[in-house]
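Listed below, chain by chain, are the residues.
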Amino acid sequence: IGVVQIVQHGSLDEANRGFVDALKERGYGPDKVEIEQENAQGDQSNLKTIVSRFKAEKPKLICAIATPAAQAAANEIKDIPIVGTAITDYTSAKLVQNDERPGGNVTGVSDFAAMDAQMELAAKLIPQAKHVGLIYCSSEVNSEVQANQMKDYCKKHDLAVEERTVNNVNDIQQVAESLIGKVDYIYVPTDNTLASSIPTLMKITDANKIPVIVGADIMAKDGALAALSVDYYRLGKQTGELAADILDGKVKPETSPIQHQKDYTIVINKQDAEILGLTIPEEIARKANMV
């Protein structure tokens, strides 16, 4: 089994761990299968090399962690089942014909958490907000989908949006600094570029008392104020179960609908709330995972 992960950061690492654990529980442990783990470290040329090698080696199944990894694998490989995880929208990413009936060799599990619920959490934490910053990587399709949904929400609720994009992690500091004095908080979707460098963002935002709301639990654990998120370890386990079903011959990718998590977790970073001078409402604190 080949595993290709776009970059190393907590959310994707947890999905990877859950995937391997679920396979092991289903009888696909190291005594039965070899799992070749590859990480592209955010580099497209690395990704291409990894995928080309998998294409030549012909594993029984490929797990692609995050949208760019799945796109690279799907573009090159048509005759090996590809199971994706930590991907927001398979259809927008052109990985499947539609979520209900993928139609090709790709299926998987989505990490999308309802945008309305994320923004409503932000509204409860920062009720006075009128101007919202939005930062994401312009080359990540998954981030663009979430950014558009976030802007739609803000339009309906009379929130002004200051939108900024980055090309890579080197842009984060400058982009964050450009929002100082212009926004009441910043929203960051489940963006792999941003997720790999949350501490860089937080140095600027904490110093200027700007709350950061994020789309992934690990990003809050890494320093952001809050997230409403899927559980990425459970996401990985769900993906591993799907992969095991394919390996067992129970299902085929082309007819296996894209799966979603129905339960979300609220994560609040207590230390960041203290830095910002924010009091977490009791109704949120009771439900949240306070880290």
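Look up a bit, the structure's there.
Each value, and the rule that gives it
Residues numbered from 1 in each chain as written. Predicted model: local features only at pLDDT ≥ 70, side-chain atom pairs only at ≥ 80, totals over all residues. Heavy atoms only, no water. Buried < 20%, exposed > 50% of the residue type's maximum accessible area, 1.4 Å probe, protein only. Helix = DSSP H or I, 4+ residues; strand = E, 2+ residues; numbered from the N terminus. Pairing = 2+ DSSP bridges. Contact = heavy atoms within 4.5 Å. Axes fitted to C-alpha atoms, helices over the stretch in contact; angles between N-to-C directions. Parallel < 35°, antiparallel > 145°, perpendicular 65-115°, else oblique. Left-handed = near helix turned anticlockwise from the far one by under 90°. Nonpolar A, V, L, I, M, F, W, Y, C, P; charged D, E, K, R; others polar. Phe/Tyr/Trp six-rings, centres within 6.5 Å; stacked < 30°, edge-to-face > 60°. Lys NZ or Arg CZ within 6 Å of the ring centre and 35° of its normal. Polar contact = N/O pair within 3.5 Å; in protein donor to acceptor, adjacent residues only side chain to side chain. Core = buried A, V, L, I, M, F, W, Y, C linked by side-chain atoms within 4.5 Å.

Colleague: Before we go on, may I ask you to explain helix H8 (residues 198–207) in this structure?
Modeller: Residue pairs three or four apart in sequence face the same way in an α-helix, which turns once every 3.6 residues. For H8, the full list of buried residues reads Ile198, Leu201, Met202, Ile204, Thr205 and Asp206. A positive backbone phi angle near 55° is found at lysine 209, which sits one or two residues after H8.

Colleague: Mind showing me how you'd approach the sheet that holds strand E2 (residues 36–39) here?
Modeller: The strands making up a sheet associate through hydrogen bonds between their backbones, and the pairing can be parallel or antiparallel. Taken together, the 6 strands give an open sheet; going across it, the order is E2-E1-E3-E4-E5-E11, and neighbouring strands pair in parallel fashion. Looking at which strands have only one partner, the edges of the open sheet turn out to be E2 and strand E11 (259–260). Where helix H2 (residues 44–57) meets the sheet, its contacts fall on strand E1 (2–5), E2 and strand E3 (62–65), and the angle it forms with E2 comes to roughly 160°.

Colleague: It is not clear to me how the packing of helix H1 (residues 10–25) against helix H10 (residues 232–247) should be interpreted in this structure. Could you clarify?
Modeller: Helix packing geometry: the angle between the two helix axes and the distance between the axes. One way to put it is that H1 packs onto H10 with a least axis distance of 6 Å and a crossing angle of 40°. Classified by the angle their axes make, H1 and H10 are oblique. For the pair H1 and H10, the sense of crossing is right-handed. Residue-level inspection shows Ser11, Glu14, Ala15, Arg17, Gly18, Phe19, Asp21, Ala22, Leu23 and Glu25 of H1 in contact with H10, the latter providing Tyr232, Tyr233, Gly236, Lys237, Thr239, Gly240, Glu241, Ala243, Ala244 and Leu247. For the contact of H1 with H10, the per-class residue count stands at 9 nonpolar, 5 polar and 6 charged.

Colleague: In this structure, what is going on with the sheet that holds strand E6 (residues 131–137)? I would like to understand it.
Modeller: Sheet architecture is open: 7 strands sit in the order E7-E6-E8-E9-E10-E12-E13, paired in mixed fashion. Where the open sheet ends on each side, the last strands, each with one partner, are strand E7 (160–166) and strand E13 (289–290). Pairing between strand E12 (residues 265–268) and E13: 2 bridges, direction parallel. Within E13, the position partnered with valine 267 by the bridge is asparagine 289. Here H8 sits on the sheet and contacts E6, strand E8 (185–188) and strand E9 (212–214); the angle it forms with E9, its principal contact strand, is near 155°.

Colleague: Would you explain the environment of isoleucine 62 in this entry?
Modeller: Mapping isoleucine 62 onto the fold places it in strand E3. Looking at isoleucine 62, the relative accessible area reads 0%, which means it is buried. It is 9.5 Å that separates the C-alpha atoms of isoleucine 62 and valine 51, two residues lying 11 residues apart in sequence. Those residues within four positions of isoleucine 62 in sequence are excluded, and the remaining contacts are Gly2, Val4, Phe54, Ile77, Ile80, Pro81, Ile82 and Val83.

Colleague: Just checking my understanding: could you explain the packing of aromatic side chains for this structure?
Modeller: Each aromatic ring pair is characterised by the separation of its centres together with the angle its planes make. A full pass over the atoms with the stated rule returns 0 aromatic pairs. Lying across the ring of tyrosine 28, lysine 32 places its NZ or CZ 4.6 Å from the centre.

Colleague: Is there a simple way to explain the environment of serine 45 in this structure?
Modeller: Within the secondary structure, serine 45 sits in helix H2. Classification of serine 45 as partly exposed rests on a relative accessible area of 46%. It is 38 Å that separates the C-alpha atoms of serine 45 and histidine 131, two residues lying 86 residues apart in sequence. Of note is the side chain of serine 45, whose polar atom sits 2.3 Å from the side chain of aspartate 43.

Colleague: Help me understand the nonpolar core, please; the structure alone is not making it clear to me.
Modeller: Most often, soluble globular proteins keep nonpolar side chains buried together rather than apart. One finds Leu95, Ile135, Val188 and Val214 to be the most contacted residues of the largest nonpolar core, which totals 71 residues. Tallying contributions element by element places H10 first for this core, with 6 residues. Not counting residues within four places of it along the chain, the set of residues in contact with valine 214 comprises Gln118, Tyr187, Val188, Ile198, Met219, Ala220, Ala224, Ala226, Ala227 and Leu228. Among the nonpolar cores identified, the runner-up in size contains 29 residues, and Met115, Cys154, Tyr185 and Leu228 belong to it.

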